[in-house]
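# Structural overview
Chain residues, written in single-letter form:
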Amino acid sequence: MKLFFRISAPKKPIASRFCTGLLSLSLVLSASAEVIPGSGPVLTLSQAVSLTLQQHPEINAFVPRYRMQKGLVQQASVGKRPQVGLMVEDALGNGDHSALRSMQSTLTFTWMLQQKQIDSRIAAAKSQTGQLDVEQRVASLDLAAHTAKKFIQILIKDERLKLNRIALQQAQDVHSAISKRVDAGKSSNVEKLQAEAEQVRRELAIEDLEHELTASYYQLTSMWGEAGKAYQVSGNLLALPANPSVESQLDKLKNQPLLAKFATQRRIAQSQIEVARIEAKPQWQLSAGVRRYEATDDFGLVAGISIPWGNNNRNAGKIAALQAHQEVLADEASALLQKLDAQLYVLLQEMGHSRHVIDTIQQRIIPLLENALSDASSAFDIGKLNYTQWNNVRQELLTAKSRLLDAYESLHLQHIEIQRLTGSSISQ
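Now for a quick tour of the structure. Bear in mind the structure is a predicted one, so any value in this text is a computation, not a measurement.

A few words on the overall build of the protein. Within the protein, the regular secondary structure consists of 10 helices and eight strands. A separation threshold of at least 6 residues defines the contact pool for the protein, and within that pool the share at least 24 residues apart is 81%. For the protein, the exposed surface amounts to about 22900 Å²; the carbon and sulfur share of it is 54%.

Right under this line is the structure:
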């Protein structure tokens, strides 16, 4: 989007034309903002956020992280291997047990009853996937908010550049007019030098803003790995978001992914507690096999069971630590909620104040300063005011317009931060 200042047709001497052109603040919407540097495809805020979420390395890193987690879940389903054993007895001795005549050979297959342990480990591994989901959402919100802030700052800097270009053009006109008056002996050379200094200041301000815009575009496009590529940002600074109610926004804090992260960590701790409890229970080991009696050329069936000795408290310390960790997480979640609650409330108040500042500057301050400068310009034309007095009034109006852009920037940035805190979509 492009915000520009509407300039009326000149009907007055040069000083009055300066007043009309610079001070008629009419923020009008056009198709797109001027690109610094170069030109390129039009880029909206929604498109910029989408590009970041699709191509930023921090988001792309979640793809292998999900594969890694899937591998951990798969590995958790693997239990201890069954064992095949072969035992030979009463062989290679002497007397009746010499050679293989009285040999007994036993082939056994041994396995452990561990399905409950496997199921608990799988559940614990899957709970980690929920943690990964929350981390991805947090990263997405942070990156989207950062992209949106860079986008808004480009729009604001572009408007400042337009304002300073208008001021430069009119400073050049004023310098030319004063030069003629000096040549005619109607003004002093001091005023000519002051006008020239003002022109140089405007040139320097434009140069600074052009460098800042170049850097800002680079920072924005680097969010999706296209640093330096030319784009034209398109947005509507005048489309101010509605003032949300404090109650509705505070209620949305429940959806804050950082709070969900604590809840997920508590579920992970609970899964680990269940794993520790099940693994503390004795794991029965069964075996079955066949025995061969060489002396009688007979076969026999053998079977056995092995039960670990001891109680079920060997993981009591680990379980106690995990339970305490759950309490810590609950307290940390409460502390974070209190912090976010206060932060969100302050942002809502600041957002309302920014809107009030915008209305006051637009509807009261700028019109008053426009009238003041119009009168000052007329007085300057007839010699009742010197250049310094007239320029002071002009600077006040420029400052008011600059502060208006500050207020627009603050309001949009506050709204973006509110969306980030409440876990809302940042795309408009």
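Continuing now.
Glancing now at helix α6 (residues 189–221). Relative to the 48 Å expected for 33 residues at 1.5 Å per residue, α6 spans 48 Å between its end C-alpha atoms, a close match to the ideal helical length. By the burial criterion, the buried members of α6 are E191, A195, E198, Q199, R202, I206, L209, L213, S216, Y217, L220 and T221. Buried residues along α6 sit against β3 (42–44), α5 (115–183), β6 (232–234), α9 (316–381) and α10 (387–422).

Attention now goes to the environment of F62. Within the element layout of this structure, F62 appears in helix α4 (residues 62–76). As for F62 and E135, which are separated by 73 residues in sequence, their C-alpha atoms are 9.0 Å apart. Not counting chain neighbours up to four residues away, the residues in contact with F62 comprise L132, E135, Q136 and A139.

Quick look at the sheet that holds strand β4 (residues 83–89) now. Read across the open sheet, the four strands follow the order β4-β5-β7-β8; overall the sheet is antiparallel. Since the sheet does not close on itself, it has two edges, and those belong to β4 and β8 (298–306), each with one partner. Geometrically, the sheet is characterised by an average inter-axis angle of 20° between neighbouring strands, direction not taken into account. Looking at chain direction, strand β7 (residues 285–293) and β8 are connected through nine bridges and run antiparallel. Directly across from Q285, in β8, lies its bridge partner S306.

Attention shifts here to the packing of aromatic side chains. In this description, an aromatic ring pair is defined by two values, namely the gap between the centres and the angle between the planes. Overall, the coordinates contain three aromatic pairs when judged by the stated rule. Their ring planes at 80° and their centres at 5.9 Å tell us that W224 and Y231 sit as a pair that is edge-to-face. Both residues of the pair, W224 and Y231, belong to the buried class. Considering the side-chain rings of F380 and W390, the 5.1 Å spacing of their centres and the 15° angle between planes classify their relative orientation as stacked. Remark: W390 occurs in helix α10 and F380 occurs in helix α9; sequence separation between them is 10 residues. On the accessibility criterion, F380 (3% relative accessible area) is buried. An aromatic cluster of at least three residues, connected via ring pairs, comprises F380, Y387 and W390.

Note: β4 against strand β5 (residues 104–112), seven bridges, orientation antiparallel. Across the sheet, E89 pairs through a bridge with Q104, a residue of β5. In terms of strand pairing, β5 meets β7 through nine bridges, oriented antiparallel. What sits directly across from T108, in β7, is G289.

On to the pattern of salt bridges, then. According to the stated counting rule, one finds 12 salt bridges in the structure shown. With a closest N to O distance of 2.0 Å, K162 and D158 form a salt bridge. Of this pair, K162 and D158 are both found in helix α5, four residues apart, which corresponds to roughly one turn of the helix. Considered together, K162 and D158 belong to a single accessibility category, that of buried residues. Between R165 and E210 there is a salt bridge, with the nearest N and O atoms lying 3.1 Å from each other. Placement of the pair is R165 in helix α5 and E210 in helix α6, with a sequence separation of 45 residues. On the accessibility criterion, E210 (29% relative accessible area) is partly exposed. Overlapping salt bridges bring together D142, K149, E417 and R420 as one network.

A few words on the environment of T360. For T360, the position within the fold is in helix α9. Considering only alpha carbons, one finds T360 and L404, 44 residues apart in sequence, at a separation of 9.4 Å. Among the polar contacts listed, one links the side chain of T360 to the backbone oxygen of H356, at a separation of 2.8 Å.

On to the packing of α5 against α6. Close contact between α5 and α6 brings their axes to 8 Å; oriented N to C, the two are set at 160°. One way to sum up the angle between α5 and α6 is to call them roughly antiparallel. In this structure, α5 crosses over α6, and the sense of that crossing is left-handed.

About the thresholds
- Here the residue index of a chain counts from 1 through its sequence in written order.
- Local features in this predicted model are restricted to residues whose pLDDT is 70 or higher, and side-chain atom pairs enter the listing and the counts only when it is 80 or higher, whereas totals over whole chains, interfaces and linings include all residues.
- Note that water and hydrogens are dropped before the side-chain values are worked out from all heavy atoms of the structure.
- Secondary structure follows DSSP: runs of H or I at least 4 residues long count as helices, runs of E at least 2 residues long count as strands, and numbering of each begins at the N terminus.
- The contact criterion used throughout is that any non-hydrogen atoms of two residues lie within 4.5 Å.
- Note on areas: Shrake-Rupley, 1.4 Å probe, and residue coverage restricted to the protein chains presented here.
- Residue count minus one, scaled by 1.5 Å, sets the expected span of a helix.
- Buried means the residue's accessible area, taken with a 1.4 Å probe over protein chains only, is under 20% of the maximum for its type, while exposed means over 50%, and partly exposed covers the values in between.
- For two strands to be treated as a pair, DSSP must find at least two bridges joining them.
- Axis definition: a line fitted to C-alpha atoms, over the contacting stretch in the case of helices. Angles run 0 to 180 degrees between N-to-C directions.
- Pairing of aromatic rings covers Phe, Tyr and Trp, the last counted by its six-membered ring, and requires centre-to-centre distances within 6.5 Å; plane angles under 30 degrees mean stacked, over 60 mean edge-to-face, and any other angle means tilted.
- Just to be clear on terms, a salt bridge is a Lys or Arg side-chain nitrogen sitting within 4 Å of an Asp or Glu carboxyl oxygen.
- Any N or O atom pair separated by 3.5 Å or less is treated as a polar contact, with the protein-specific requirement of one donor-capable and one acceptor-capable atom, and with residues adjacent in sequence counted only for side-chain atom pairs.
- Roughly parallel means an angle under 35 degrees; roughly antiparallel, over 145; roughly perpendicular, 65 to 115; everything else is oblique.
- Left-handed describes a crossing in which the near helix is turned anticlockwise from the far one by less than a right angle; the clockwise case is right-handed.

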